[in-house]
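Observations on the three-dimensional arrangement
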There are 2 protein chains.
Amino acid sequence: MRPTVHDIAAEAGVSLATVDRVLNARPGVRQKTVAKVEAAVERLGYVRDVTAANLAKKRIYPLVFILPEGPNSFMRGLEAEIRAAMLRSPAERTSIRIETVPPFDAKAIVCILDLLDPAEVTGVALVATDTPDVTAAVDRLVERGVHVATLVSDLPGSRRIHYCGIDNLAAGRTAGGLIGRFRGGRAGKVLVVAGSMKLSDHMDRASGFAEVLGAEFPELEIVGPVETNDDADAVRQAVTAALEADAGITAIYSLGAGTRGLIEALAGHVSRKLTVVAHEVTDHSRQALADGLFDAVINQDCGHEVRSAIRVLKARSDGLMPISAQERIRIDIFLRDNLP
Amino acid sequence: MRPTVHDIAAEAGVSLATVDRVLNARPGVRQKTVAKVEAAVERLGYVRDVTAANLAKKRIYPLVFILPEGPNSFMRGLEAEIRAAMLRSPAERTSIRIETVPPFDAKAIVCILDLLDPAEVTGVALVATDTPDVTAAVDRLVERGVHVATLVSDLPGSRRIHYCGIDNLAAGRTAGGLIGRFRGGRAGKVLVVAGSMKLSDHMDRASGFAEVLGAEFPELEIVGPVETNDDADAVRQAVTAALEADAGITAIYSLGAGTRGLIEALAGHVSRKLTVVAHEVTDHSRQALADGLFDAVINQDCGHEVRSAIRVLKARSDGLMPISAQERIRIDIFLRDNLP
DNA sequence: GAAATTTTGAGGTACGTAAATCAGAAATTG
DNA sequence: CAATTTCTGATTTACGTACCTCAAAATTTC
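Residues numbered from 1 in each chain as written. Chains lettered and ligands numbered in written order. Predicted model: local features only at pLDDT ≥ 70, side-chain atom pairs only at ≥ 80, totals over all residues. Heavy atoms only, no water.

1. As for the overall build of chain A
Note the cut-off: Per the convention used, a helix needs a DSSP run of H or I reaching at least four residues, while a strand needs a run of E reaching at least two, with both numbered from the N terminus. Exposed residues in this analysis have more than 50% of their type's maximum accessible area, buried residues have under 20%, and partly exposed residues fall in between, with area computed by a 1.4 Å probe over protein chains only. The contact criterion used throughout is that any non-hydrogen atoms of two residues lie within 4.5 Å. For the area figures, the Shrake-Rupley method with a 1.4 Å probe applies, and any residue is considered shielded solely by the protein chains shown. Charge counting follows a simple rule: Lys and Arg are positive, Asp and Glu are negative, and His as well as the terminal groups are ignored. A charge is said to be at NZ when it belongs to Lys, at CZ for Arg, at CG for Asp and at CD for Glu.
Along chain A, the regular secondary structure elements total 15 helices and 11 strands. Along the longest, intermediate and shortest principal axes, the C-alpha atoms of chain A span 80 × 40 × 35 Å. For chain A, with 340 residues in total, the buried portion stands at 54%. Counting contacts in chain A only where the partners sit at least 6 residues apart, residues at least 24 apart contribute 69% of the total. With an accessible surface of roughly 14,300 Å², chain A has 54% of that area assigned to carbon and sulfur atoms. Put simply, chain A has 40 plus and 44 minus side-chain charges, and the middle of one group is 7 Å from the middle of the other.

Here it is in structure tokens:
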């Protein structure tokens, strides 16, 4: 049987009340006595029963998710997963609020972060552009005692406790490896379509992609990246223009959103037999895979990301470390043959 | 606030004791009263607080994992994950026992299953060959009230409550899609190396692979599958023999274990520039990817599988349904570019 | 060394559920 | 209608922890 507070009290030769004071960092215990209790905890290998503690505390974890509004299918899928998690709130002792902000609007994010009350929120998960003001706002919030996790796109220099998303450098490299192998050594140009280089995930994907093409597939030349702000119409126009301007383009790597626009542009050039790799499984990309318009789609499981964010934020609020392997978000590769 | 048993008692106009009798299916309650309580539960949307219940019950979940012994790296990785889960046992209220059996030894599995005492075990997760005697033993165990989950390889006709593993038909299709695209339309033969057709996962992979090649890549002809019982030496001999016998082989799909043998065989034929897809990331396959000997490795995250098995078996013991999306094991595709 | 302060002990209640006892009420049986 | 049997209520203890109060002990301060 695992030891309880009673065992600690007996082992340390103090009363239950003192053990409680030490374990919960309450004042009024001499340093010498604190050491005795801590030694007993160490000796017996005591670990607080979090479920019993939560029951006694009637603890709930108030969490806030911040993500962009708008038609972006991936973000809406993410939101759906958050809503699914909200349905499990009673069982998981969470209380989740969703805040949406205009896409690429750093000021709006900063504003929300600064208005959060640490007394009312224990953790925040946010999808953010990697700009200095957002990083600063995150750091201010962490300073005020709120745990912050980044979602989908990281803020590398910030004090966030965890990043819930895929390794985007590896994702870009994967795309490079796939396109390179699919082209089978034939020379040509690859159009790279991105949303915004202010998003660290897009930056990383572009870097990883360029790295692999440079190292393993020198016969492929990169065109771009063109920035579209993840807007489908902008993507359609940019891709159409590029394809018409340059007959040497034989492949496309779309590392951002606006997949609908990409599909519309491709529909006008079916004869080109382009190798296409895009990101995120949505209704559109799924159909494009099935139709043979896309060769592969790189995906991140947003359900996993949301559940991971909740686990990590809860664990940190309890002062625990999460299972790191469980929190690693995998890079999923879908071909038409393994669509779920 | 979510309703408690007290609220149910008040709402139904009965005592706490009666609510308890109904909720825990204890005898001595008239059908009419049961209905009253159930109606109150329905009206208030009561859900039992599992953590409080477990605390009161001092509940632990005794689980048994059955897996093959021997040098198979994947199985040893699986065992390592089970041992990692055992370290979390105190917090997760599990008590896990590992039983190992000789590989492909159906009788040994049957023997262990039949000797399990339902009073001492609530759930079993096993890696098994798909043979009628194992299926029958699983059904007997389920009949005796033990929850059974299959791990890695399924027992399709059995009464197991859950299969913790990838969709192997889709995995085979994925391998087909990858090899087909990597070959870029060039005709040739693909050697398929399997462990045993008595394993449903190997069967499914072979079927999926053949399906995609037949439908999408008719220029590729399948040789095999050759069966090696997942023995590395047998794999080496089989692959070496096939490569020497047939100069038309341009690709290999290794859908079972014994990857070391495959690598040794390939080392003697580096000039052939074969397209190779294998299963499971291990030290060997990781090195082969890095060396460019393998083009892709299809993987299943055994940590996820173990955690999923534990969650499912626990949930079923509590009469709950797990989050199905969380329990779907993804097919991971690794290129040298996205190795973790 | 008395007074003030800090530290500690003892005991209780609570969280939501499980599980038990025992007395009393209701229904069924003869 | 009495004697059973079946059902129900009231109450208690327990799980492991949190948090509270009050008194007693130990320590520090003057």
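After presenting the structure, the write-up continues.
2. Re the relation of the copies chain B and chain A
Test applied: Alignment of the copies relies on least squares applied to C-alpha atoms, considering only residues that score at least 70 for pLDDT in both.
Of the transformation placing chain B onto chain A, the axial shift is 0.1 Å and the rotation is 180°, giving an RMSD of 0.1 Å. Those values place the two copies in the arrangement expected of a two-fold rotation axis. Considering only C-alpha atoms, the part of chain B nearest the rotation axis is Phe-182 of chain B, at 2.6 Å. Most of the interface of chain B is mirrored in chain A, where 100% of its interface residues again form contacts.

3. Brief notes about the protein's contact with DNA strand D
Test applied: We call a residue near a molecule or strand when any one of its heavy atoms sits within 4 Å of it. Identification of polar contacts relies on pairs of N or O atoms within 3.5 Å, with a donor-acceptor requirement for protein atoms, meaning one able to donate a hydrogen and the other able to accept it, and with residues adjacent in sequence counted only if both atoms are side-chain atoms. We call Asp, Glu, Lys and Arg charged. Ala, Val, Leu, Ile, Met, Phe, Trp, Tyr, Cys and Pro are nonpolar, and the rest, Gly among them, are polar.
Taken together, 28 residues sit near DNA strand D, with Arg-48 of chain A together with Thr-18, Val-29, Arg-30 and Thr-33 of chain B positioned nearest. Among all atoms of DNA strand D positioned within 4 Å of the protein, those belonging to sugar or phosphate total 73%. One of the backbone nitrogen or oxygen atoms of Ala-52 of chain A is found 3.3 Å away from a base nitrogen of DNA strand D. At a separation of 3.1 Å, a base oxygen of DNA strand D approaches a polar backbone atom of Ala-56 of chain B. Going through the elements one at a time, α1 (5-12) and α4 (50-57) of chain A together with α2 (16-23) and α4 (50-57) of chain B are the ones with two or more residues in the surface near DNA strand D. No other element matches α4 of chain A, which puts 4 residues into the surface near DNA strand D. Its residues placed into classes, the surface near DNA strand D shows 11 nonpolar, 8 polar and 9 charged.

4. Quick word on the sheet that holds strand β1 (residues 61-68) of chain A
Note: strands within a sheet are paired through backbone hydrogen bonds, in either parallel or antiparallel orientation. All names here are of chain A. Keep this limit in mind: We call two strands paired when DSSP finds no fewer than two bridges between them. Every axis in this analysis is a line fitted to C-alpha atoms, fitted for helices over the stretch in contact. Angles between the N-to-C directions lie between 0 and 180 degrees.
Within the open sheet, the 5 strands sit side by side as β2-β1-β3-β4-β5. Their pairing is parallel. Each of the sheet's edge strands pairs with one partner strand only, and the pair in question is β2 (94-101) and β5 (162-164). The mean angle between the axes of side-by-side strands here comes to 20°, regardless of whether they run parallel or antiparallel. By the bridge criterion, 4 bridges tie β1 to strand β3 (residues 123-126) in an arrangement that is parallel. The residue of β3 that forms the bridge with Val-64 is Val-124.

5. Observations concerning the nonpolar core
For clarity, the cut-off: As used here, the term nonpolar core means buried Ala, Val, Leu, Ile, Met, Phe, Trp, Tyr and Cys residues forming a set that is joined through side-chain atoms within 4.5 Å.
One finds Tyr-253 of chain A together with Tyr-253 of chain B to be the most contacted residues of the largest nonpolar core, which totals 52 residues. When residues no more than four places from it in sequence are discounted, the contact partners of Tyr-253 of chain A are Ala-171, Gly-172, Ala-175, Ile-179, Val-190, Leu-191, Val-192, Val-193, Arg-205, Phe-209, Val-277 and His-279 of chain A.

6. Structural notes on the interface of chain B and chain A
The following threshold applies: In short, buried area is how much 1.4 Å probe accessible area vanishes from two parts on joining, totalled over both. Salt bridge criterion: a side-chain nitrogen from Lys or Arg within 4 Å of a carboxyl oxygen from Asp or Glu.
Taken together, the 36 residues of chain B in the interface contact 36 residues of chain A. Between chain B and chain A, roughly 3,400 Å² of surface is buried when both sides are summed, and carbon and sulfur atoms account for 50% of that area. For chain B, the biggest contributors to the area lost against chain A are Arg-181, Arg-330 and Asp-337 of chain B; these three give 21% of the whole. The tally of links from chain B across to chain A stands at 12 salt bridges. A salt bridge links Asp-49 of chain A to Arg-93 of chain B, with the shortest nitrogen-to-oxygen separation between them at 3.6 Å. In this assembly, chain B and chain A are joined by 14 residue pairs in polar contact (both at pLDDT 80 or more). Mapped onto the side of chain B that touches chain A, the elements with two or more residues apiece are α4, α6 (89-92), α9 (168-183), α10 (200-216), α14 (302-317), α15 (324-327) and β11 (332-334) of chain B. The element that contributes the greatest number of residues to the side of chain B that touches chain A is α9 of chain B, accounting for 7 residues. Residue classes in the side of chain B that touches chain A are distributed as 14 nonpolar, 6 polar and 16 charged.

7. Some remarks on α9 of chain B
Side chains of residues three or four places apart in an α-helix project in the same direction, reflecting 3.6 residues per turn. Residues and elements named next belong to chain B. Inclusion rule: To estimate the expected span of a helix, subtract one from its residue number and multiply by 1.5 Å.
Here α9 is 16 residues long and its end C-alpha atoms lie 22 Å apart, about the 22 Å a rise of 1.5 Å per residue gives. Burial of α9 is extensive: 15 of the 16 residues sit out of reach of the surface. Remark: Gly-184 follows α9 within two positions and exhibits a positive phi of approximately 55°.

8. Thoughts on the domain arrangement of chain A
Residue and element names in this part refer to chain A. As a reminder, the rule being used: Either an automatic procedure or a domain database provided the assignment from which the domain bounds are taken.
When its domains are assigned, chain A resolves into domain 1 (5-48), domain 2 (60-165 + 302-330) and domain 3 (168-299). Relative placement of domain 2 and domain 3: their C-alpha centres are 29 Å apart. Across the interface of domain 2 and domain 3, roughly 970 Å² is buried in total on both sides, 56% from carbon and sulfur atoms. Taken as a group, Phe-74, Phe-104 and Ser-153 account for 44% of the area that domain 2 buries against domain 3, more than any other trio of residues on that side. There are 0 salt bridges connecting domain 2 and domain 3. At the surface where domain 2 touches domain 3, the tally comes to 5 residue pairs in polar contact (both at pLDDT 80 or more).

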